[in-house]
Amino acid sequence: MFKHPLFTKLAALTAITVLLLFGLGLIEDVVRDRLRYRSITAQNVAESLAGPQTLMGPMIHSACVESWDEEVGKGDERRMVERRREFILTAMPEQLKLTTGAAMEERARGLHKVNTYNLKANVTAQWGSLASLLPQSSMKNSRMHCGAPIVMMAVGDARGIRTTQFTMGSQALALKPGTFHPTYSRGLHAVLPESVRGKADGLTATLDLELVGTERLAIVPLGGNTEVLMTSSWPHPSFAGRFLPSEREVKKSGFSAQWRLSSLATTAQADIASGKRICLGADEGSDYAHSGATPGDCADSFSVAFIDPVNPYSLSDRATKYGVLFIALTFVAVGLFELMKKLRVHPVQYLLVGSALCSFFLLLVSLSEHLPFGISYAVAASACVLLLAYYASHMLGGLTRGVPLGAGIALLYGLLYVLLQLEQTALVVGAIALFLVLAAVMVLTRKVNWYGLSQGGTPPRPTMPPVQRPAAPRTEAA
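Conventions we followed
Residues numbered from 1 in each chain as written. Predicted model: local features only at pLDDT ≥ 70, side-chain atom pairs only at ≥ 80, totals over all residues. Heavy atoms only, no water. Core = buried A, V, L, I, M, F, W, Y, C linked by side-chain atoms within 4.5 Å. Buried < 20%, exposed > 50% of the residue type's maximum accessible area, 1.4 Å probe, protein only. Helix = DSSP H or I, 4+ residues; strand = E, 2+ residues; numbered from the N terminus. Contact = heavy atoms within 4.5 Å. Axes fitted to C-alpha atoms, helices over the stretch in contact; angles between N-to-C directions. Parallel < 35°, antiparallel > 145°, perpendicular 65-115°, else oblique. Left-handed = near helix turned anticlockwise from the far one by under 90°. Nonpolar A, V, L, I, M, F, W, Y, C, P; charged D, E, K, R; others polar. Phe/Tyr/Trp six-rings, centres within 6.5 Å; stacked < 30°, edge-to-face > 60°. Expected span 1.5 Å × (residues − 1). Polar contact = N/O pair within 3.5 Å; in protein donor to acceptor, adjacent residues only side chain to side chain. Salt bridge = Lys/Arg side-chain N within 4 Å of Asp/Glu carboxyl O. Disulfide = S-S within 2.5 Å.

K.L.:
I tried to follow the nonpolar core on my own but got confused; where do I start?
P.N.:
Generally speaking, a soluble globular protein has its nonpolar side chains buried in company with each other. One finds Leu55, Met56, Ile60, Trp127, Trp259 and Ile272 to be the most contacted residues of the largest nonpolar core, which totals 59 residues. Top contributing element to this core by residue count: strand S4 (residues 112-127), with 6 residues. Among all residues touching Trp127, those that are not within four sequence positions of it are Pro58, Met59, Ile60, Ala91, Met92, Pro93, Glu94, Val151, Asp201, Gly202, Leu203 and Ala205. Ranked by size, the runner-up nonpolar core spans 38 residues in total, among them Phe337, Phe361, Tyr377 and Tyr413.

K.L.:
Would you mind showing me how to read the packing of helix H3 (residues 312-320) against helix H7 (residues 399-421) here?
P.N.:
What describes two packed helices is the angle between their axes and the distance between those same axes. Relative to each other, H3 and H7 sit at 130°, their axes nearing to 10 Å. Here H3 is positioned oblique relative to H7, judged by the angle of their axes. For the crossing formed where H3 meets H7, the hand is right-handed. In this structure, H3 uses Leu315, Arg318 and Ala319 to contact H7, whose residues at the interface are Leu416, Leu419 and Leu420. The residue inventory of the contact of H3 with H7, partitioned by class, reads 5 nonpolar, no polar and 1 charged.

K.L.:
Which parts of the structure should I look at to understand the packing of aromatic side chains?
P.N.:
The geometry of an aromatic ring pair comes down to the distance between the two centres and the angle between the two planes. Within this structure, the stated rule accounts for 13 aromatic pairs. Judged by centre distance (5.0 Å) and plane angle (55°), the rings of Tyr377 and Tyr417 are tilted. Highlighted residues: Tyr377 in helix H6 (residues 373-395) and Tyr417 in helix H7, separated in sequence by 40 residues. One aromatic cluster is present, formed by Phe326, Phe360, Phe361, Phe373, Tyr377, Tyr413 and Tyr417 through successive ring pairs.

K.L.:
Explain H6 to me, please; I cannot follow it from the model alone.
P.N.:
Three or four residues apart is the spacing at which side chains of an α-helix point the same way, because the helix has 3.6 residues per turn. Along its 23 residues, H6 runs 32 Å from first to last C-alpha, staying within 8% of the 33 Å computed at 1.5 Å per residue. Phe373, Ser376, Tyr377, Ala380, Ala381, Cys384, Val385, Leu388, Ala389, Ala392, Ser393 and Met395 are the residues of H6 that are buried. In this fold, the buried residues of H6 make contact with H3, helix H4 (323-340), helix H5 (347-368) and H7.

K.L.:
What's the story with the side chain of Asn115 in this structure? I'm lost.
P.N.:
If you trace the backbone, Asn115 turns up in strand S4. Asn115 sits in the buried class, given a relative accessible area of 8%. Within the structure, Asn115 has its side chain in polar contact with the backbone oxygen of Phe306 (distance 3.2 Å). Those residues within four positions of Asn115 in sequence are excluded, and the remaining contacts are Met104, Glu105, Glu106, Thr214, Glu215, Trp234, Phe306, Ile307 and Asp308.

K.L.:
Just to check I follow, could you spell out the pattern of salt bridges for this structure?
P.N.:
Should the charged atoms of two oppositely charged side chains come close, the side chains can pair. Enumeration over the complete set of coordinates arrives at 18 salt bridges. Note that Glu369 is salt-bridged to Arg34, the shortest N-O span being 3.0 Å. On the criterion of sequence distance, the pair formed by Glu369 in the loop between H5 and H6 and Arg34 in helix H1 (residues 5-48) is long-range, its members being 335 residues apart. Glu369 gets classed as buried once you look at its relative accessible area, which sits at 12%. For the salt bridge of Arg143 with Glu82, the shortest nitrogen-to-oxygen distance reads 3.1 Å. Highlighted residues: Arg143 in strand S5 (residues 143-146) and Glu82 in strand S2 (residues 79-91), separated in sequence by 61 residues. Judged by its relative accessible area of 37%, Arg143 falls in the partly exposed class.

K.L.:
Looking at this model, I keep getting lost on the state of the cysteines. Mind explaining?
P.N.:
Linking two cysteines covalently through their sulfur atoms gives a disulfide. Summed over all chains, the structure comprises 1 disulfide. With a sulfur-sulfur separation of 2.0 Å, Cys64 is cross-linked through a disulfide to Cys146. Disulfide Cys64-Cys146: torsion about the S-S bond near 110°, hence right-handed. Placement of Cys64 in strand S1 (residues 53-72) and of Cys146 in strand S5 is noted, with a sequence separation of 82 residues between them. Judged by its relative accessible area of 2%, Cys64 is buried. The closest cysteine sulfur to the non-disulfide-bonded Cys358 is located on Cys384, 9.8 Å from its own sulfur. By relative accessible area, which is 3% here, Cys384 ends up buried.

Written out as structure tokens, the structure reads:
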């Protein structure tokens, strides 16, 4: 049985398929290496310029120390020792309004490009009563000492700060680096006069800030009522975090988004007062929790990522996942020609056809590093289709057979390109396409005598049974 030519050929095709799958695996490794290099490039740009940014504040805080004397010991060993309690008083704004505009700037390292932005933000904060800055004694006859009130604005990476201007009322205040906050240390601050402590009628502050960052911007809704209006010329925003925009408009020329949040809907004020970190996937040890932190460890925030939806490496990685399907469908098509036209195609010819299909994916990722993805796809697909059509014309014995095979492969490439552009409907489109291919194969092979093939004979075409005509009525001579 296994010495039959049909089973020998099936075994050879199985071995060829395994060999081609190994080649596809090597190509996938190349794509993953390129993806890793791009990630390293983004990290290098962030290390040289500034990383993803976060805006948190403004808020007012004051570091206090309460001390008291306590008697310890008994008898002759009794003595007085000083006890201390250190704490921080904070005042969150009742109204917080941010108006931001991000201008995109593309930075490149070698072949890899990274999206950076130049952010111009206008921040207006209004405080009501500042009674929360008045320290309360926890022990009788204790001594209280508090540092000067400090208004601070925290950012994700202070290296990105370009220009700042801070005014409180009509008075401009001098800004200094750092925040003097034990958790959110990166940013800027200004020292306020002692007279603001416990002020009943509150304060109003305005901050103009120019900030550069890489790929992502996050904001902490610190106000009792927070309004954020963000505009940018980038047409591909990705909104994330705990809150999506209340209103947004995305066009080819850019996007605008607006958030309106109340402290009734967010725990950001309590989170920041308790020192929770902001979780944006940054490295552990910074002001931000690492990506493995649980939601309960993180302060409320929302963010916008300036993504590139046509990243050639991610699209190439998706394309290589369809390589097995390409090889299988092409082998089926060649097998149908071989079966229906009674041809003989050598396993080596199958191997060469499969190798040409695999080379498409390597051409695609290499060309897309230098050309737009659409052009790279068209060039790689056209080259492979022309090569396969030319080879199939000789392999199958004529242009009338090679050209249809090439047209079918071109249709496969066109379908793959459509699938790469789709996200939500890629599965249903791919499932329908596979069903149509299966239906076509079943229709074309509906009259094949598969038992005849396994017995080594020429597959006979089934014929309809002869039609039995009714005999003519017999008549007797008069």
